[in-house]
Amino acid sequence: RGFLLGRRPAAHAEGERLVIGDACLARRGVECRVCGEACDTGAIRFRPQRGGIAQPQLTLQACTGCGDCVPVCPVGVITVAPA
């Protein structure tokens with residue numbers, strides 16, 4: 001889908017990987033699952049935390065690199081970084 005929308009793949013390029021930064025809303029105690037909802041392959045899931053907000057967990061093996069999660073992040077913390 002990302003390719004059809006004119007976006008370059010966000011992951012799986014030589015020496016690159018997808019990263020969810022520390023400023024992620026869920027990691028700061030705010031309920032947000034937008035990136036997981038945008039991921040058709042389920043590469044971003046949310047791990048429940050006892051007494052807290054579920055935390056994002058990225059499974060690189062499931063990530064196709066479509067980049068659909070990048071533009072939907074309300075704080076822009078999903079990026080491509082060197083592996």
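Model, not experiment: these values are computed from the prediction.

Our next topic: the environment of Ala23. Considering the arrangement of structural elements, one finds Ala23 in the loop between β1 (16–20) and α1 (34–38). Ala23 sits in the partly exposed class, given a relative accessible area of 35%. Distance in space between the C-alpha atoms of Ala23 and Gly76 is 8.8 Å, their sequence separation being 53 residues. Dropping the residues within four chain positions of it, Ala23 is found in contact with Arg28, Val75 and Val77.

What follows concerns the confidence of the model for the protein. Any region with low pLDDT has predicted coordinates that should not be read closely. For the protein, per-residue confidence averages 84 on the pLDDT scale, and residues scoring 70 or more make up 82% of the total. Considering each helix and strand of the protein separately, the mean pLDDT is smallest for strand β4 (residues 78–82), with a value of 82, and largest for α1, with 96. Scored below 50 in pLDDT, residues 1–11 makes 22 contacts in the model with residues more than four places away or belonging to other chains.

What follows deals with the environment of Gly29. The residue Gly29 is located in the loop between β1 and α1 in this model. When its relative accessible area of 47% is taken as the criterion, Gly29 is described as partly exposed. Here the alpha-carbon distance between Gly29 and Ala54, two residues 25 residues apart in the chain, equals 8.8 Å.

Tracing the chain through its elements places Gln55 in strand β3 (residues 55–58). Judged by its relative accessible area of 15%, Gln55 is buried. Side-chain polar atoms of Gln55 contact the backbone oxygen of Ala26, separated by 2.9 Å. Side-chain polar atoms of Gln55 contact the backbone oxygen of Ile53, separated by 2.9 Å.

What counts, and at which threshold
- Numbering of residues begins from 1 in every chain and follows the order in which that chain's sequence is written.
- A pLDDT threshold of at least 70 governs which residues receive local features in this predicted model, and a stricter bar of 80 or more applies before side-chain atom pairs are shown or counted, although totals over entire chains, interfaces and linings include all residues.
- Based on all heavy atoms of the structure, the side-chain values leave hydrogens and waters out of the count.
- Helical segments are the DSSP runs of H or I of at least four residues, strand segments are the runs of E of at least two, and each set is numbered from the N terminus.
- Exposed residues in this analysis have more than 50% of their type's maximum accessible area, buried residues have under 20%, and partly exposed residues fall in between, with area computed by a 1.4 Å probe over protein chains only.
- Contacts between residues were defined by any pair of non-hydrogen atoms, one from each residue, lying within 4.5 Å.
- pLDDT: the predictor's confidence for each residue, scored from 0 to 100.
- We call two N or O atoms a polar contact when they sit within 3.5 Å, provided that within protein one can donate a hydrogen and the other can accept it, with sequence-adjacent residues counted only if both atoms are side-chain atoms.

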